[in-house]
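# Structural overview
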Amino acid sequence: MRAMILESFGGPESFREVVLAKPVAGEGQVLVKVHATSVNPLDYQVRRGDYKDYVPLPAITGHDVSGVIEAVGPGVTAFKPGDEVWYTPEIFVGQGSYAEYHVAHESIVGLKPKALTHLEAAALSLVGGTVWEALITRVNLQVGETILVHGGAGGVGHIAIQVAKAAGARVITTVSSQNAEFVKGLGADVTIDYKQTDYIEAVLAATDGKGVDVVLDTVGGDTLQKSPLVLAQLGRVVSIVDIATPQNLIEAWGRNASYHFVFTRQNRGKLDDLSRLVERGQLKPVVGAVYPLSEVGQAHARLEQKSNGLRGKIAIDVTA
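This text gives an overview of the structure that appears in the document. Starting from 1, residues in each chain are numbered consecutively following that chain's sequence as written. Owing to the predicted nature of the model, reporting of local features is limited to residues with pLDDT of at least 70; listing and counting of side-chain atom pairs is limited to 80 or more, with chain, interface and lining totals taken over all residues. Note: side-chain values were computed over all heavy atoms of the structure, leaving out hydrogens and water.

### Some remarks on helix α4 (residues 157-166)
Taken across its 10 residues, α4 has eight buried, putting it largely inside the fold. Among all positions in α4, only Gly157, His158, Ile159, Ala160, Ile161, Gln162, Val163 and Ala164 are buried. Labels follow the DSSP assignment, with helices taken as runs of H or I lasting at least four residues and strands as runs of E lasting at least two, numbered in each case from the N terminus. Immediately downstream of α4, the backbone of Gly168 shows phi near 90°, a positive value. Relative accessibility thresholds used throughout: buried, under 20% of the residue-type maximum; exposed, over 50%; partly exposed, between the two (1.4 Å probe, protein chains only).

### Some points on the pairing of strand β12 (residues 231-239)
Along a regular strand, successive side chains alternate from one face of the sheet to the other. Of all nine residues making up β12, seven are buried, and the element is well covered by its neighbours. One requirement defines pairing of two strands: DSSP has to find at least two bridges between them. The pairing of strand β11 (residues 212-217) with β12 spans five bridges and is classified as parallel. Bridging from a neighbouring strand, Leu216 pairs with Val238 of β12. By the bridge criterion, four bridges tie β12 to strand β13 (residues 258-261) in an arrangement that is parallel. Residue pairing across strands places Val238 opposite His260, the latter belonging to β13.

### As for empty space enclosed by the protein
Lining residues are defined by having an atom within 4 Å of a point belonging to a cavity or pocket. Those points lie on a 1 Å grid over the protein atoms alone, cavities being sets where a 1.4 Å probe fits but cannot get out and pockets being open sets with protein on both sides within 12 Å along at least five of seven lines. Grid points are joined across faces, edges and corners, and a volume is the space filled by probe spheres set on the points. Scanning the model with the defined rule gives one cavity of 30 Å³ or more in all. Roughly 90 Å³ of volume is contained in the largest cavity. Along the walls of the largest cavity sit Tyr87, Thr88, Ile108, Ser125, Leu126, Gly129, Thr264, Arg265, Gln266, Asn267, Lys270 and Leu271, which together make up its complete lining. Elements with a minimum of two residues in the lining of the largest cavity: α3 (125-138) and α9 (268-279). The element that contributes the greatest number of residues to the lining of the largest cavity is α3, accounting for three residues. Gly is put with the polar residues, along with every residue not named as nonpolar or charged; the nonpolar set is Ala, Val, Leu, Ile, Met, Phe, Trp, Tyr, Cys and Pro, and the charged set is Asp, Glu, Lys and Arg. The class makeup of the residues in the lining of the largest cavity is four nonpolar, six polar and two charged.

This is how it looks when you write it as structure tokens:
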């Protein structure tokens, strides 16, 4: 099988295309012919060495799979050859998705939503699972609540808007001005141009001074420190980014705030929940760019650019 090997931690040039033996499904596992994968911030963080203690080199990295089951191992009961499936490989465990074949335990695999192409499904598995765990499992977003989604046009943000609307919430989001109409089309109720506007003042104005019930932090920096300033009493903050600097959260105490930090876990249940939203027409991932497997390094380079012009996700066509 063709695969992109990460030979050393560093820049996008650190990948090398190789040909390896096809893996074999073991007890309780399925062998999947990968049709598509995608690129996430986690992927370039792994590549540059942010998690080097957890990733022995050389390694096949990547964290999304959409494809077709080619074979099943002993004891597999949920799937059969020919099934179209999607999932997030176990993070920091075994081979990743930048290859033509992948082996996974059946417990983390779900049937691909029929309404999605393989490219779309691969663009949804990791970010969708992260959003579901953040908004539904952790902060229990409720009908009628208001949420602030930072970075609404991004890979996570554009999914979070749709999941929040499906949950019955009012959505405020920060975006650049050129993406305002895009996120409104996804369901955002209020958009804030973070480049031109103080988002704290804008959120308070949009909520009549009450603040929001939930903040989703997808951008990092000083977002955690500022989040209490836009929170209503008993508000919740959920972050999916690393905490790189100390945070002064004294303001959170006065609002009886709770904080949640999400590093997504893999299971079929979240995939099935997301599939139901997809099939009801309430959720659709946006693929902003497509690269072949051989150009995964170039895809990484583009995602790392702060002004990359992307909406949604970068998908990788493994069959190209």
